[in-house]
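The chain contents come next:
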Amino acid sequence: MAPITLTLTADLRPYGRVAADVIAPDRMATMSGAELAALPVWIARGTTGTDAGATIAARRTLPLGALFTIEGERSDVVRLRGDLRAVDALGAGMRGGTLIVEGSVGDEVGRGMAGGSIAVEGSAGHDAGRTMLGGQLTVAGDVGDRLGGPLPGASRGMMGGEIFVRGRAGREVALGVRRGLIVVGGDVEDGCGQGMLAGTVVVVGRAGGTVGEWSKRGSVIAIGGARIPPTYRFACTYRPAYLRLLYRHLRTRGIAVPEHAIAGRYLRYCGDMSELGRGEILTLDGPGDA
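Turning our eyes to something else, we now look at helix H3 (residues 241–252). Considered for burial, the residues of H3 that qualify are Leu243, Leu246, Tyr247 and Leu250. Projected down its long axis, H3 carries its buried residues within an arc of 100°, all on one side. Turned more than 90 degrees away from the buried face of H3, the exposed residues are Ala241, Leu245 and Thr252. After H3 finishes, the residue glycine 254 shows a positive phi value of roughly 85°.

On to the pattern of salt bridges. Across all of its chains, the model carries 17 salt bridges by this definition. Among the ionic pairs, glutamate 102 bridges to arginine 81, the shortest N-O distance being 3.0 Å. Of this pair, glutamate 102 sits in strand E8 (residues 95–102) while arginine 81 sits in strand E6 (residues 77–81), and the two are 21 residues apart along the sequence. Between arginine 265 and aspartate 285 there is a salt bridge, and its shortest N-O distance comes to 3.5 Å. Of the two residues, arginine 265 sits in strand E16 (residues 265–271) while aspartate 285 sits in strand E17 (residues 279–286), which places them 20 residues apart along the sequence. Here aspartate 285 falls in the partly exposed class, since its relative accessible area comes to 36%.

Turning our attention to the pairing of E6. Alternating positions in E6 separate cleanly, Val78 and Leu80 being buried on one face and Val77, Arg79 and Arg81 remaining unburied on the opposite face. One ladder, built from 5 bridges, connects E6 with E8; its direction is parallel. Counted as the bridge partner of arginine 81 is glutamate 102 from E8.

Within the element layout of this structure, aspartate 145 appears in the loop between strand E10 (136–139) and strand E11 (162–165). Buried charged residue aspartate 145 carries no salt bridge. Nearest counter-charge: arginine 146, at 4.1 Å. Within the structure, the side chain of aspartate 145 is placed 2.8 Å from the backbone nitrogen of arginine 171, a separation counted as a polar contact. Residues within four places of aspartate 145 in sequence aside, it is in contact with His126, Asp127, Gly170 and Arg171.

This part is about the nonpolar core. Ranked by size, the top nonpolar core spans 64 residues in total, and within it Ile23, Leu67, Leu80 and Leu90 carry the most contacts. With 3 residues, the top contributor of residues to this core is strand E1 (residues 4–8). In contact with isoleucine 23, other than residues within four places in its own chain, are Leu6, Met28, Leu64, Phe68, Val78, Leu80, Leu90, Gly91 and Leu99. Within the second largest apolar cluster, 18 residues are counted, among which are Val183, Ile221, Leu246 and Tyr247.

Moving on to the packing of aromatic side chains. A complete count under the given rule lists 1 aromatic pair for this structure. For the ring pair phenylalanine 234 and tyrosine 269, a centre distance of 5.6 Å and an interplane angle of 65° mean the geometry is edge-to-face. Of this pair, phenylalanine 234 sits in strand E15 (residues 233–238) while tyrosine 269 sits in strand E16, and the two are 35 residues apart along the sequence.

Our next topic: the pairing of E17. Where burial is concerned, most of E17 is hidden: 7 out of the 8 residues are buried. Inspection of the sheet shows strand E14 (residues 219–222) paired to E17 by 4 bridges, in the parallel sense. In the sheet register, isoleucine 221 faces E17, and the bridge partner there is leucine 282. Of the strand pairs in this sheet, E16 and E17 are connected by 7 bridges, and their pairing is antiparallel. Residue pairing in the sheet places tyrosine 266 in a bridge with leucine 284 of E17.

Rules of the game
- Residues numbered from 1 in each chain as written.
- Predicted model: local features only at pLDDT ≥ 70, side-chain atom pairs only at ≥ 80, totals over all residues.
- Heavy atoms only, no water.
- Buried < 20%, exposed > 50% of the residue type's maximum accessible area, 1.4 Å probe, protein only.
- Helix = DSSP H or I, 4+ residues; strand = E, 2+ residues; numbered from the N terminus.
- Arc of directions from axis to C-beta.
- Salt bridge = Lys/Arg side-chain N within 4 Å of Asp/Glu carboxyl O.
- Pairing = 2+ DSSP bridges.
- Lys, Arg positive; Asp, Glu negative; His and termini not counted.
- Polar contact = N/O pair within 3.5 Å; in protein donor to acceptor, adjacent residues only side chain to side chain.
- Contact = heavy atoms within 4.5 Å.
- Core = buried A, V, L, I, M, F, W, Y, C linked by side-chain atoms within 4.5 Å.
- Phe/Tyr/Trp six-rings, centres within 6.5 Å; stacked < 30°, edge-to-face > 60°.

By themselves, these are just geometric observations and shouldn't be taken as functional.
See below:
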């Protein structure tokens, strides 16, 4: 079955940001072309239009067909084309299917997704994978702040699934994560692993600023190094066998893990001792045997 292809044709500047959480492959799988075109998309700035001859002031939604040309119907594979950096919430809440974005996207891509896969071939904005429950989110470029984090004011971030970012990430990666896997191929900024309860974060680059503060459980693996908080205690130096399997899995997802990291020794620190103290930070100590 041919995929549904959405090509952005409208100039989004007059509308500000666009919330397109209706673009989710599992929900589009049973829709005709006409039904797809009628889906409502929220816009930040109101517009004017007519409905049965009457003027509508500052309407806040537009039909999907007013912004995109739509090819195909009744498919759980959706492909998007165009400059989508002002388009937020793509794939939000999806439970299955495949969403492919040929370029960069805005904020909250994959928010609350529970299944299926999203592949962003460019970069993503803030809050990618927010409150994710399952499935797989892959971003070929960079992402903004709060990757896999919680909703505003909430304590629970990502609760399942896998996120792979091949580039860099901003602040507060894995904020409040409960379970799941987050991998960043480049550097991350301050606040990585803050308030984690469980789950695993792998940073192939360097974890900047503070790492693992107020973590109760969970693992932060900083291959490129990290500044260890004073509330963590050194435990041992070892070669975790499970990391070899994990790193080979990451390579199949396009994450470039250096060979010396696969065979190397790691320094293990336990903490945060101001909390339960059952979390850990691992940093690469030295190369392993050839």
